[in-house]
Each structure stands twice: as structure tokens, then as C-alpha cells.
Amino acid sequence: MRLEWLELEDVVTRERERVEAGGLFLLLGAEPHCDWIPAEVVRDEKGFVVTGRDVPRRQWVDGLPPENLATSVPGIYAAGDVRSGSMKRVASASGEGASVVPLVHAYLAAPGER
């Protein structure tokens, strides 16, 4: 699974445009609004994305939990407001966003392990 494009909609004119995208950053606040995320990405009872040790054990690989900001789908990470258990503050989201960068780099550098 990989993000390749986004469909953007003007909320006034309802005009839609598809644009190429290699990544996406969302600032969601205290409401998750994560219904667009594939069902394979586990969410908690409130709809926030579950990461790390909170991912159900049946989805751990080789009995090990995903990395701290990794979701139930390898290569998909969650940071900041969208993540279950996050502080829902700008500074926290910024720090988590920065922390996820090396995880993404490591994932992309190891294609033979997928």
C-alpha cells in the first residue's frame, strides 16, 4: 500500500482535482476524522490510529510490536493528532513528525525485507 495521489475538493465550488502525492501531513485536532484511512490500519474506539505496542498482538511480526509510531500496516506511520494517545498539541505533533522521519527512511532503505 502506498500513497500515490490525492483528490482535492473545493468546498465552495465542489470542483475536484487529482494531484500526485508522495506523502501527506494532516492537522486534525481532537477529532480523528480518519474514516478515509484504509481499514487495515487499526484505530481505537474513538477512531484515532493505533501505533507501537498498542497495535493488537495478532498483528505483531515475529512476536515483536511495531516501532513506536508504526501502525498495524508496515510502512504506514502515525504522528501527532491522528495518533491514539497523543497529546493533541502542536509541539507534540512536530516532535513526533520529526521522530517518524528516520523510521520512514529505514523502511524505504530495506525493500528486500518487505
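Residues numbered from 1 in each chain as written. Predicted model: local features only at pLDDT ≥ 70, side-chain atom pairs only at ≥ 80, totals over all residues. Heavy atoms only, no water.

1. Brief notes about the overall build of the chain
Cut-off, in case you're wondering: Only DSSP runs of H or I reaching four residues or more are called helices, and only runs of E reaching two or more are called strands; each is numbered from the N terminus. Only protein chains enter the accessibility calculation, which uses a 1.4 Å probe; a residue whose area is less than 20% of its type maximum is buried, one above 50% is exposed, and one in between is partly exposed.
Counting its secondary structure elements, the chain contains one helix and two strands. Secondary structure elements in the chain, listed N-terminal to C-terminal, are β-β-α. Overall, the C-alpha framework of the chain stretches about 50 × 30 × 25 Å when taken along its three principal axes. Here the chain, with 114 residues, has 31% of them falling under the buried criterion.

2. Comments concerning unusual backbone geometry
You will see that Arg14, though not glycine, has its phi angle at about 65 degrees, which is positive. Tracing the chain through its elements places Arg14 in the loop between β1 (5–9) and β2 (16–20). One non-glycine residue, His33, lies in positive phi territory at about 45 degrees. Tracing the backbone through its elements, the reader meets His33 in the loop between β2 and α1 (90–109).

3. Some points on a nonpolar patch on the surface
Operational definition: Like-charged residues within 9 Å of one another, or nonpolar side chains (Val, Leu, Ile, Met, Phe, Trp, Tyr) within 5 Å, are grouped into patches, provided each residue has over 30% relative accessible area and no salt bridge. Calculation of accessible area relied on Shrake-Rupley with a 1.4 Å probe; when residues are assessed, cover is drawn exclusively from the protein chains displayed. The term salt bridge refers to a pairing of a side-chain nitrogen on Lys or Arg with a carboxyl oxygen on Asp or Glu at a separation within 4 Å.
Side chains of Leu3, Leu24 and Trp36 sit close together on the surface and give an oily, nonpolar patch of about 290 Å² of accessible area. Within the secondary structure, Trp36 sits in the loop between β2 and α1.

4. Focus on the side chain of Ser86
For the record, the criterion: Residues adjacent in sequence count toward polar contacts only when both atoms are side-chain atoms; beyond that, a polar contact is any pair of N or O atoms within 3.5 Å, and within protein one must be able to donate a hydrogen and the other to accept it. Note on contacts: a residue pair qualifies if any of its non-hydrogen atoms lie within 4.5 Å across the two residues.
Inspection of the secondary structure assignment puts Ser86 in the loop between β2 and α1. Only 3.1 Å separates the side chain of Ser86 from the backbone oxygen of Arg83, close enough to count as a polar contact. In this view, Ser86 contacts Gly80, Asp81 and Glu96; residues no more than four positions away in its chain are not counted.

5. A closer look at α1
Stated formally: Here a helix's expected span is defined as the number of its residues, less one, multiplied by 1.5 Å.
For α1, built from 20 residues, the straight-helix expectation of 28 Å at 1.5 Å per residue is met to within 8% by its first-to-last C-alpha distance of 29 Å. For α1, the set of buried residues is Ser92, Ala93, Glu96, Val100 and Leu103.

6. A short note on the side chain of Ser84
Along the polypeptide, Ser84 turns up in the loop between β2 and α1. Judged by relative accessible area, Ser84 falls into the buried class, the value being 15%. Excluding residues that lie within four positions of it along the chain, Ser84 makes contacts with Asp44, Phe48, Val49 and Val50.

7. Topic: the nonpolar core
Selection rule: Among buried residues, those of type Ala, Val, Leu, Ile, Met, Phe, Trp, Tyr and Cys that are joined through side-chain atoms within 4.5 Å constitute a nonpolar core.
One finds Cys34, Ile37, Val41, Val49, Val73, Ala78 and Val82 forming the largest nonpolar core, which totals seven residues. Excluding residues within four positions of it along the chain, Val73 makes contact with Glu40 and Val41.

8. Topic: the packing of aromatic side chains
To keep things clear, this is the line we draw: Any two of the Phe, Tyr and Trp rings considered here, Trp counted by its six-membered ring, make a pair once their centres fall within 6.5 Å; the pair's planes then place it as stacked at under 30 degrees, edge-to-face at over 60, or tilted in between. Two thresholds decide whether a charge sits over a ring: the Lys NZ or Arg CZ must be within 6 Å of the ring centre and within 35 degrees of the ring normal.
Counted according to the given criterion, the structure contains zero aromatic pairs. Positioned above the aromatic ring of Trp5 is the side chain of Arg18, whose terminal nitrogen or guanidinium carbon lies 3.4 Å from the ring centre.

The analysis is restricted to geometry; functional conclusions fall outside its scope.
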